[in-house]
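Understanding the architecture of this molecule
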Amino acid sequence: MASTRGIALSCLVVLGFVAACGDDSTPTPTAPPDASAPETCDSVGVALCGDTCTSIETDPAHCGGCDQACGTAEACEGGVCVAQCQIGDQQVASGAVNSANSCEQCEPATSATTWTQRADGTQCNPGQVCSDGVCSPKCFIDGILYAEGTANPANACETCAPSASTTNWTARASIPLLNGGDDIMEQGWTTVAQTPNTLTYGADYVRLATSTNSGSATSGQLLITRADAFDGTKLFKLQVTMQVESVNTHNTFDSGAAILGSFTQPFGNTLDRSQMLYLDSAAIGWADNTQSAAFSVTDGAYHVYELAVDAEKVATVSIDGVAKLTRTNFTTNGALAIGDQTNDANVDGAVRIKSVALMCP
């Protein structure tokens with residue numbers, strides 16, 4: 001039998017074990033932060049300025065470092081103070097283009113409060129450059145602004161074509177010498193005239209007409225002429241787009257509807273008239289009657305009459321691309337004339353000229 005003392009000791013041991021298992025010990029208190037220790041800012045481009053983590057990449061008061069303030073007309077970009085504009089209530093970066101006018105931009109050195117006009121010739125929109133603060137289709141070549149359609153002063157077969165290039169001359173197929181709907185005088189043409197005649201305009205043509213008064217020994221004459229239309233010392237090709245409404249049969253060296261690739265006022269000299277192209281109602285030919293070709297001239301349609309002279313002075317006349325006449329030793333003074341060339345009675349004509357062009361090589 002266990003002794004009373006042993007039982008008592010066992011109970012004490014068990015009670016001690018239970019007491020130990022139920023112990024809720026209090027954790028050691030954490031010390032409060034030390035206000036004297038500096039805060040750290042771990043992000044890139046951020047520094048502790050005073051007691052605040054500040055972006056020294058973008059903060060204009062601490063640009064690139066604490067207390068490195070930018071000027072009033074500057075912003076902080078990448079830790080560097082950069083100029084800017086304050087236009088109205090809008091903050092604009094230096095060099096930014098005005099969305100309402102691509103020929104204006106922010107240039108703080110010129111003005112920090114208004115848009116500054118961009119230099120003439122600056123590319124603004126496709127096929128356009130700045131001119132006096134306006135974006136327009138022009139060319140800026142060798143430091144000079146040219147309007148669209150202006151010919152190269154050094155080569156008339158090149159022109160300003162902004163849609164192709166705003167910085168270089170563009171080759172063209174032809175040089176327009178006359179646009180039928182526009183005033184011929186303003187295009188460099190003059191007239192040689194004797195009454196009765198009329199010169200009128202349509203939407204895209206100029207109309208020349210002559211007549212003979214009953215019983216008169218002479219008739220009306222009306223030629224439009226252009227001096228120095230081309231360089232007669234070189235090969236050339238002229239195209240006249242024209243409709244012959246009516247015409248009387250030509251006389252030798254005279255015609256009521258004529259194209260002269262060389263002209264001396266008022267009727268053409270002997271050489272001019274011998275190689276003049278006459279247009280009768282059903283034929284064309286050289287006015288010296290050396291060669292002719294049948295053609296329905298007065299058919300109510302426009303036709304392209306072409307006079308081409310090569311380097312060997314061989315002339316070829318074509319209608320709508322089909323060769324009709326040739327002759328050698330064609331000579332010209334570079335002047336051009338079209339219309340009724342003579343005042344012979346009853347040798348009259350009426351023509352509509354839509355265009356005249358000098359073709360480029």
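Below is a summary of the structure that appears in this document. (Residues numbered from 1 in each chain as written. Predicted model: local features only at pLDDT ≥ 70, side-chain atom pairs only at ≥ 80, totals over all residues. Heavy atoms only, no water.)

1. A few points about the overall build of the protein chain
Along the backbone of the protein chain there are two helices and 30 strands. Across the 361 residues that make up the protein chain, the buried fraction comes to 40%. A sequence separation of at least 24 residues applies to 51% of the contacts in the protein chain between residues at least 6 apart. Surface accessibility of the protein chain: about 19100 Å² in total, with carbon and sulfur atoms responsible for 52%. (Helix = DSSP H or I, 4+ residues; strand = E, 2+ residues; numbered from the N terminus. Buried < 20%, exposed > 50% of the residue type's maximum accessible area, 1.4 Å probe, protein only. Contact = heavy atoms within 4.5 Å. Areas by Shrake-Rupley, 256 points an atom, 1.4 Å probe, with all protein chains shown as cover.)

2. Let's talk about the nonpolar core
Of all hydrophobic cores here, the largest spans 42 residues; its most connected members are Met-242 and Ile-353. No other element matches the six residues that strand 21 (residues 236-247) contributes to this core. Apart from residues no more than four positions distant in its own chain, Ile-353 is found in contact with Leu-178, Gly-180, Asp-204, Tyr-205, Val-206, Leu-208, Ile-224, Val-240, Thr-241, Met-242 and Ile-338. The next biggest cluster of nonpolar side chains, apart from the first, holds nine residues, and it includes Val-192, Ala-258, Leu-260 and Ala-335. (Core = buried A, V, L, I, M, F, W, Y, C linked by side-chain atoms within 4.5 Å.)

3. Observations regarding the sheet that holds strand 23 (residues 277-279)
Strand order in the open sheet made by the seven strands is 17-20-29-22-23-24-25, with antiparallel pairing throughout. Pairing within the sheet leaves two strands with one partner each, and these edge strands are strand 17 (190-194) and strand 25 (292-294). Averaged over all adjacent pairs, the angle separating strand axes in this sheet is 15 degrees, with direction ignored. Pairing between strand 22 (residues 258-260) and strand 29 (residues 336-340): three bridges, direction antiparallel. Looking across to strand 29, one finds that Leu-260 is bridged to Ala-337. (Pairing = 2+ DSSP bridges. Axes fitted to C-alpha atoms, helices over the stretch in contact; angles between N-to-C directions.)

4. A word on the side chain of His-250
Relative to the assigned elements, His-250 resides in the loop between strand 21 and strand 22. Side chain to side chain, His-250 and Asp-280 meet in a polar contact 2.8 Å long. Of note is the side chain of His-250, whose polar atom sits 2.9 Å from the side chain of Asn-289. Non-local contacts of His-250, meaning those with residues more than four positions away in its chain, are made with Ser-255, Tyr-278, Asp-280, Asn-289 and Val-347. (Polar contact = N/O pair within 3.5 Å; in protein donor to acceptor, adjacent residues only side chain to side chain.)

5. Comments concerning the pattern of salt bridges
When charged atoms on two side chains of opposite charge get close, those side chains can pair. For the structure shown, the criterion picks out six salt bridges. Asp-254 is the partner of Arg-273 in a salt bridge, and the nearest nitrogen-oxygen pair spans 2.8 Å. A residue pair is termed long-range when its members are at least 10 positions apart, and Arg-273 in helix 2 (residues 270-274) and Asp-254 in the loop between strand 21 and strand 22 qualify at 19 residues. For Asp-254, a relative accessible area of 8% gives the class buried. Salt bridges sharing partners connect three or more residues here, namely Arg-207, Glu-245 and Arg-352. (Salt bridge = Lys/Arg side-chain N within 4 Å of Asp/Glu carboxyl O.)

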